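This is what each chain is made of:
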Amino acid sequence: MAEESGVTSAVFSTDLPVKRPREDELFSENNENGVSFSSVSGDSEDKKVPDCISSVIPGWFSEISPMWPGEAHSLKVEKILFQGKSEYQNVMVFQSLSYGKVLVLDGVIQLTERDECAYQEMITHLPLCSIPNPKKVLVIGGGDGGVLREVSRHSSVEQIDICEIDGMVVDVSKQYFPDVAVGYEDPRVTLHIGDGVAFLKAVTEATYDAIIVDSSDPIGPAQELFEKPFFESIAKALRPGGVVCTQAESIWLHMHIIEDIVTNCHQIFKGSVNYAWTTVPTYPSGVIGFMLCSTEGPPVDFKHPVNPLDANNSHSMVNGPLKFYNSEIHSAAFCLPSFAKKVIDSKTK
Ligand code: SPD
């Protein structure tokens, strides 16, 4: 994958898809990445180092947003592969040094090749492994196709609808992230380009067994996906005992947003309401959470998965096994640090 785009790869002790360069390659004058080099005086070995190594800004992407004031995670850029402006947002893809290709919307990282598995597998399998035999699944957002790829692992699923607002995200993902967008190849998938809020309003009551909301942050096109009327539409579109899993931000940065989501969900969903989280190194604060709720009906105990994935993966569009999700991490994802548990419990009891 990395070799395709002319990026130096080297041995690194992980089976994750993107490999770090060894130090000798990073400092090689014959580096293939087009990065310029200069001598650093005072370096005892007079090593050549890239010009940008001592500065955080030139040659680096820094993720700056009012949603995480006072901090900005940075990744070293090897090459900008795509830059465009859709009707809704700025879209960028770059090749990073250490996380593979990166998809950025309005300056915010949506996925990297190296750690996307942690997010896509958890947001998908936490809900789908919590109910027996899910058949009809709706994905709102998720235009990169990674959630579709994960839903496609479930052999019980007969119908997968996806409503993504921005066709450019779909096209760019198919071009630059084929291992993620592979989910679109599943014949059970129907893609709707449009507004998820309007789509859900038009859905017949009790249609879906599971709805997954793979949104960006609540500034920009995804804002309404965090508001109460949207959750009410989700509840209507789910069958009794159906489940929803929505992207629900970081316990370190966004407790105020999480409090509002939990409060709304507690009022709307008469089954269970739970918050789970996972680690994603390239998301702000390194973690991200999920709101998991069920409608009134057959009870759902999200903490104890009842629907393990097929051992033989026969219905998967991806080659190879899960990289992150397993039954143990499923249950562990609902264990919260005390500060977050206190706030969330206070809104659900
Ligand atoms: N802060 C960024 C959160 C992005 C969540 N959605 C990512 C989409 C990946 N399918």
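Per an unreviewed UniProt entry, the protein carries the name spermidine synthase and comes from Tetracentron sinense. For the protein, the Pathway (unreviewed entry) comment in UniProt is given as "Amine and polyamine biosynthesis; spermidine biosynthesis; spermidine from putrescine: step 1/1." In the Catalytic activity (unreviewed entry) part of its UniProt record, the protein is described as follows: "S-adenosyl 3-(methylsulfanyl)propylamine + putrescine = S-methyl-5'-thioadenosine + spermidine + H(+)".

Q: Explain the packing of aromatic side chains to me, and be specific about the residues and the numbers.
A: In total, this model carries six aromatic pairs according to the counting rule given. Judged by centre distance (6.1 Å) and plane angle (50°), the ring pair of phenylalanine 82 and tyrosine 176 falls under tilted. Of this pair, phenylalanine 82 sits in strand S4 (residues 74-85) while tyrosine 176 is found in helix H4 (residues 167-176), placing the two residues 94 residues apart along the sequence. For tyrosine 176, a relative accessible area of 15% corresponds to the buried category. The rings of Tyr119, Tyr283 and Phe290 are connected pair by pair, giving a single aromatic cluster. The ring of tyrosine 99 is capped by arginine 114, whose NZ or CZ atom sits 4.7 Å from the centre of that ring.

Q: Pulling in residues and values, what's your account of the layout of surface pockets?
A: Roughly 240 Å³ of internal volume is contained in the second largest pocket. Around the second largest pocket, the lining is made up of 14 residues, and of these Val273, Asn274, Lys303, Phe334 and Asp345 lie nearest the centre. Elements that contribute at least two residues to the lining of the second largest pocket include exactly strand S13 (273-279) and helix H10 (338-348). Considering each element in turn, the lining of the second largest pocket owes the most residues, four residues, to H10. By residue class, the composition of the lining of the second largest pocket is six nonpolar, four polar and four charged.

Q: Explain the sheet that holds strand S7 (residues 108-112) to me, and be specific about the residues and the numbers.
A: Within the open sheet, the five strands sit side by side as S3-S4-S5-S6-S7. Their pairing is antiparallel. A single partner strand is all that each edge strand has here, and the edge strands are strand S3 (60-62) and S7. Adjacent strand axes in the sheet meet at a mean angle of 40° when their direction is disregarded. As paired elements, strand S6 (residues 101-105) and S7 share four bridges and run antiparallel to each other. Bridge pairing in S7 places valine 102 opposite threonine 112.

Q: Explain the site of the ligand to me, using residue names and the numbers behind them.
A: Around the ligand sit 13 residues in total, of which Gln120, Asp144, Asp214, Ser215 and Asp217 are the nearest. Contact between the ligand and aspartate 144: a nitrogen atom at 2.6 Å from a side-chain N or O atom of the residue. Backbone polar atom of serine 215 to a nitrogen atom of the ligand: 3.0 Å apart, as the coordinates give it. In isolation the ligand exposes 340 Å². Once the protein is present, 98% of that is buried. Placement of the ligand is best described as lying within the largest cavity. Contributions of two or more residues to the shell around the ligand are made by S7 and helix H2 (116-128). For the shell around the ligand, the leading source of residues is S7, giving three residues. Within the shell around the ligand, the residues separate by chemical class into six nonpolar, four polar and three charged. Each of domain 1 (53-112) and domain 2 (115-346) contributes no fewer than three residues to the shell around the ligand.

Q: Give a description of the environment of isoleucine 123 that names residues and reports values.
A: As for its placement among the helices and strands, isoleucine 123 is situated in helix H2. On the accessibility criterion, isoleucine 123 (0% relative accessible area) is buried. For the pair isoleucine 123 and glycine 289, spaced 166 residues apart in the sequence, the C-alpha separation amounts to 8.8 Å. Residues in contact with isoleucine 123, not counting those within four places in the same chain, are Val147, Ile212, Val213, Asp214, Cys245, Thr246, Gln247 and Phe290.

Thresholds applied
Residues numbered from 1 in each chain as written. Predicted model: local features only at pLDDT ≥ 70, side-chain atom pairs only at ≥ 80, totals over all residues. Heavy atoms only, no water. UniProt positions renumbered as here; feature names shortened; annotations may be inferred. Phe/Tyr/Trp six-rings, centres within 6.5 Å; stacked < 30°, edge-to-face > 60°. Helix = DSSP H or I, 4+ residues; strand = E, 2+ residues; numbered from the N terminus. Buried < 20%, exposed > 50% of the residue type's maximum accessible area, 1.4 Å probe, protein only. Lys NZ or Arg CZ within 6 Å of the ring centre and 35° of its normal. 1 Å grid on protein atoms, 1.4 Å probe; cavity = no way out; pocket = protein on both sides within 12 Å on 5 of 7 lines; lining within 4 Å. Points joined across faces, edges and corners; volume = space filled by probe spheres on them. Nonpolar A, V, L, I, M, F, W, Y, C, P; charged D, E, K, R; others polar. Pairing = 2+ DSSP bridges. Axes fitted to C-alpha atoms, helices over the stretch in contact; angles between N-to-C directions. Near = heavy atom within 4 Å. Polar contact = N/O pair within 3.5 Å; in protein donor to acceptor, adjacent residues only side chain to side chain. Areas by Shrake-Rupley, 256 points an atom, 1.4 Å probe, with all protein chains shown as cover. Sits in = over half its atoms within 2 Å of the grid points. Domains from an automatic or database assignment. Contact = heavy atoms within 4.5 Å.

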